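Here are the chains, one letter per residue:
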Amino acid sequence: MLHLYKPTDSGWFSRIEDHLDVIMCDHAHLEKRAASTGLNFIFKYASRTVLLKDLAQVVQEEMEHFVQALEKMEERDIPFIKVEPAPYASTLIKSLRKNEPELFMDKLIAAAFIEARSCERFQILGENLEDEGLAAFYKELAIQEAHHHVLYTNLARLYFDEEEVRVRIKEIALLEWDAILASKEKPRLHSF
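Residue positions are counted from 1 within each chain, in the order its sequence is given. Reporting in this predicted model follows two pLDDT cut-offs: at least 70 for local features of residues, and 80 or more for side-chain atom pairs to be given and counted; totals over whole chains, interfaces and linings ignore these cut-offs and use all residues. Note: side-chain values were computed over all heavy atoms of the structure, leaving out hydrogens and water.

Asks: Honestly, unusual backbone geometry in this entry has me stumped. Any pointers?
Replies: With glycine set apart, most residues show a phi of negative sign, and most peptide bonds adopt trans. The step from E100 to P101 runs through a cis peptide bond, and the omega angle for that step is 5 degrees. Within the secondary structure layout, P101 lies in the loop between α4 (88-94) and α5 (102-128). Of note in the backbone geometry, D77 takes a positive phi value of approximately 55 degrees without being a glycine. Structurally, the position occupied by D77 is in the loop between α3 (49-75) and α4. Strands here mean DSSP runs of E at least two residues long; helices mean DSSP runs of H or I at least four residues long; both are numbered from the N terminus.

In structure tokens:
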């Protein structure tokens, strides 16, 4: 369902579990960025009525997730600080086509992949964290991120030919995995 080229390897959790404070802070920043992505679509593609309504809802949800992430951090006395992001999203975005309307399609599909990878990582956190409250939080977020993945994919299918979208999903899946591999240096939600 998530269209990922490869699943996260079994060692990811062990690489990040001693850095949970950084992961949680990174996660909060990613929720802000996800809301910003939705707003960017709304401003850039304002003539797309279905997109406007759907992504307005996503923006609200992502900001709710941001607040929830901050609350979970506060409960654990983890300060919200600036965290240098993994190069994952920027690497993926740089690999997209540059001209419209192809860029529009690619951005929708890339957003779907970012949501899919987040969904997968939240599920891993939910299954492996000993903190039951935090595990439950991430399991719930995994479900919501899966919905966002489907929404972005469906928007691509709404505005573009089904076969063209199918082919491009396969191509961007490879680019997404390359972006994960490029994100090895620091423990982050979207690191290798």
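Asks: It is not clear to me how helix α7 (residues 162-181) should be interpreted in this structure. Could you clarify?
Replies: The α-helix winds at 3.6 residues per turn, so residues separated by three or four positions along the chain end up facing the same way. In a regular helix each residue adds 1.5 Å, so 20 residues correspond to 28 Å; α7 covers 29 Å between its end C-alpha atoms and thus fits that length. All of the buried residues along α7 are V165, R168, I169, I172, A173, E176, W177, A179 and I180. For α7, the elements touching its buried residues are α4, α5 and α6 (132-159). What qualifies as a polar contact is a pair of N or O atoms within 3.5 Å, subject to a donor-acceptor requirement within protein and to the restriction that residues adjacent in sequence count only when both atoms come from side chains. The distance from a side-chain oxygen at the start of α7 to the backbone nitrogen of E163 is 3.1 Å, and the residue carrying that oxygen is D161. Every helix has an expected span of 1.5 Å times one less than the residues it contains. Residue burial is assigned from relative accessible area. The probe radius is 1.4 Å, only protein chains are included, and a residue is buried under 20% of its type maximum, exposed over 50%, and partly exposed in between. The contact definition used throughout considers only heavy atoms, calling two residues in contact when any of these lie within 4.5 Å.

Asks: Which parts of the structure should I look at to understand the environment of F122?
Replies: Take F122: it is sitting in helix α5. With relative accessibility at 1%, the residue F122 sits in the buried group. With 17 residues separating them in the primary sequence, F122 and K139 have C-alpha atoms 6.2 Å apart. Not counting chain neighbours up to four residues away, the residues in contact with F122 comprise H27, E31, Y138, K139, L141, A142, E145 and L189.

Asks: Can you help me understand the nonpolar core in this one?
Replies: Nonpolar side chains in soluble globular proteins tend to end up buried together. Each nonpolar core is a collection of buried residues, namely Ala, Val, Leu, Ile, Met, Phe, Trp, Tyr and Cys, held together in the definition by side-chain atoms within 4.5 Å. Among the nonpolar cores identified, the biggest contains 61 residues, and F41, L125 and Y138 are the most heavily contacted of them. Counting residues per element, the ones that place at least two in this core are α1 (12-16), α2 (20-44), α3, α4, α5, α6 and α7. Here the element with the most residues in this core is α5; it accounts for 14 residues. For Y138, the residues in contact, after removing those within four places along its chain, are M24, H27, F122, L125, G126 and L129.

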